[in-house]
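What follows is the residue order along each chain.
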Amino acid sequence: MASLTVRQLDETLKQQLRLRAARSGRSVEDEVRTILKAAAEESEAPAPVAKAAPGPAPATKVANKRVLLIIGGGIAAYKSLDLIRRLKERGFAVRCILTAAATQFITPLAAGALTGERVFTDLFDPASEFDVGHIRLARDTDLVVVAPATADLMAKMANGHANDLATAVLLATTAKVLLAPAMNPQMWANQATQRNLAQLKADGVTMTGPNAGEMAESGERGTGRMAEPMEIAGAVDRLFAAQGERPLAGQRVLVTSGPTHEPIDPVRYIANRSSGKQGHAIATAAAQAGADVTLISGPVTLPDPPGVKLIKVESARDMLRATEQALPVDVAIFAAAVADWRVANAGEQKIKKKAGESIPDLLLVENPDILSAIAHHIDQRPALVIGFAAETENVEANAKAKLARKGCDWILANDVSPQTGIMGGDSNTIKLVTADGIEAWPPQSKDDVARMLIARIAAAMKAPKA
Ligand code: C5P
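About the cut-offs
Residues numbered from 1 in each chain as written. Predicted model: local features only at pLDDT ≥ 70, side-chain atom pairs only at ≥ 80, totals over all residues. Near = placed C-beta within 6 Å. Nonpolar A, V, L, I, M, F, W, Y, C, P; charged D, E, K, R; others polar. Pairing = 2+ DSSP bridges. Helix = DSSP H or I, 4+ residues; strand = E, 2+ residues; numbered from the N terminus. Contact = placed C-beta atoms within 7 Å. Axes fitted to C-alpha atoms, helices over the stretch in contact; angles between N-to-C directions. Buried ≥ 20, exposed ≤ 12 C-beta atoms within 10 Å, placed from the backbone. Core = buried A, V, L, I, M, F, W, Y, C linked by C-beta atoms within 7 Å.

Undergrad: Any chance you could explain the site of the ligand here in plain terms?
TA: Every residue close to the ligand is listed here: Thr256, Ala316, Phe334, Ala336, Val338, Asn367, Asp369, Ile370, Leu371, Gly387, Phe388 and Ala389. Considered class by class, the residues forming the shell around the ligand number eight nonpolar, three polar and one charged.

Undergrad: Where do I start with the sheet that holds strand β6 (residues 206-207) in this structure?
TA: Across a sheet, paired strands are connected by hydrogen bonds in the backbone, their directions being either parallel or antiparallel. Pairing in this open sheet of six strands is parallel, and the strands run β3-β2-β1-β4-β5-β6 from one edge to the other. Two strands close off the open sheet at either side, each with one partner strand: β3 (119-120) and β6. Looking at chain direction, strand β1 (residues 66-71) and strand β2 (residues 93-98) are connected through six bridges and run parallel. Bridge assignment links Ile71 to a residue of β2, and that residue is Leu98. Sitting on the sheet, helix α8 (residues 165-172) touches β1, β2, β3, β4 (143-149) and β5 (176-181), and the angle it makes with β2 is about 125°.

Undergrad: For this particular structure, what's the right way to read unusual backbone geometry?
TA: Outside of glycine, negative phi angles account for most residues, and trans bonds account for most peptide bonds. Omega for the bond connecting Ala147 with Pro148 falls within 30 degrees of zero, at -5°, which places this linkage in the cis form. In this fold, Pro148 is placed in strand β4. Cis geometry marks the peptide bond from Leu327 to Pro328, where omega comes out at 5°. In this structure, Asn394 is a non-glycine residue whose phi angle is positive, near 45°. With respect to the secondary-structure elements, Asn394 resides in the loop between β17 (384-391) and α15 (395-406). For Asn394, a count of 11 C-beta atoms within 10 Å translates into the label exposed.

Undergrad: Please clarify how the nonpolar core should be interpreted in this entry.
TA: Note on soluble globular proteins: their nonpolar side chains tend to be buried together. In terms of nonpolar packing, the biggest core is built from 65 residues, with Val255, Ile282, Ala286, Ile411 and Ile454 touching the most fellow members. The element best represented in this core is helix α16 (residues 446-461), accounting for eleven residues. In contact with Ile282, other than residues within four places in its own chain, are Val255, Ile333, Ala335, Ala450 and Leu453.

Right under this line is the structure:
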């Protein structure tokens, strides 16, 4: 019988195995044994009855949260098909209602193919009232998202109308409601719409967008574009986080943050412009999600994030030592801007400036690469290793190369050219680079980037609830 070792498997498969093993608390070898045993037992069992096409399977489940997506009748409806994909890749179970007007823009077949579920369109459809019914549709959900929310839908909601399936469900639901308005700028600016908006906000409805920009009608610009699917998905993540979900409960998360200071002598050092804002925001968001967080930070002027174990370090070598001591962890996120080089001939005493003497030469040597060291750790590699790529050019190409070179699972790439204001600023624009491809996140605050990342990690780790 031929023999096969885990070492011979390709990197993607090995990584999937590590994730599975970490989730089930088994060694990789035990996990392989369990899978093989289950496969052998399955091959003995009678063939299962074929099921209807399930649509794209989620990589993971966010604790089986259900989102009911109501698609209104506007040109932005086509973007809601992408929104379904974004929600499904986060592991949400998605059901769709299309208003009659929405069916003029997209078909129930397209929505159904993406959700993998039946799509609902009619309040008076005897079949759907018999097996689901609008009251069950309203109740069997954790969140209702209306995208695009047209001026008409907003007016009906603000006034409690219930003359079709979408509005009847909106009136009957007790779940949180998120609206992504989309309409012509004049319709948005109209006093009637603004009155309805104020009423809906007072009723506890959450809004995302609309954004300003080019409209579908040629030559029209203004506020009224529906928020991008990624922005809406981010708003969904935040709503669930705000509802007190603790999706990372029981997970150990390590974050590095801030710059490092590399001494020239006891009073001078080489540093960089990293503020630590992004790393600290990630540590805070991970702690809010229930994780057991160790934050290893270089010198920053930020307040200590609440609820995390903070280890303060100065140099890259200190940071590597502290990181290795913090193992084992389930997830490691390397947001620190570690100095690439340190001074080999740093002075033990303050180097004196003496008249007539030559200026001292600084001899630089390479610092250890902490991310790469942990990603290649022989026996304590975290199940998920995430790095950052701060680039000023060729952001995507450099990030992809870095993913391979450093051996990490995900890279969050950002353009830190001075004109972006990212370095030291409060907002960030991320490209998430994984073995599956590149995902562009919308520009958002560093706090929102942190929450979005934590939601993605939670989905990947399929964490149990607290
Ligand atoms: O190679 P580069 O500095 O662009 O890589 C950036 C990523 O690697 C970041 O996640 C950073 O925290 C990490 N890194 C590290 N140790 C180093 C250099 C970078 O952990 N010495």
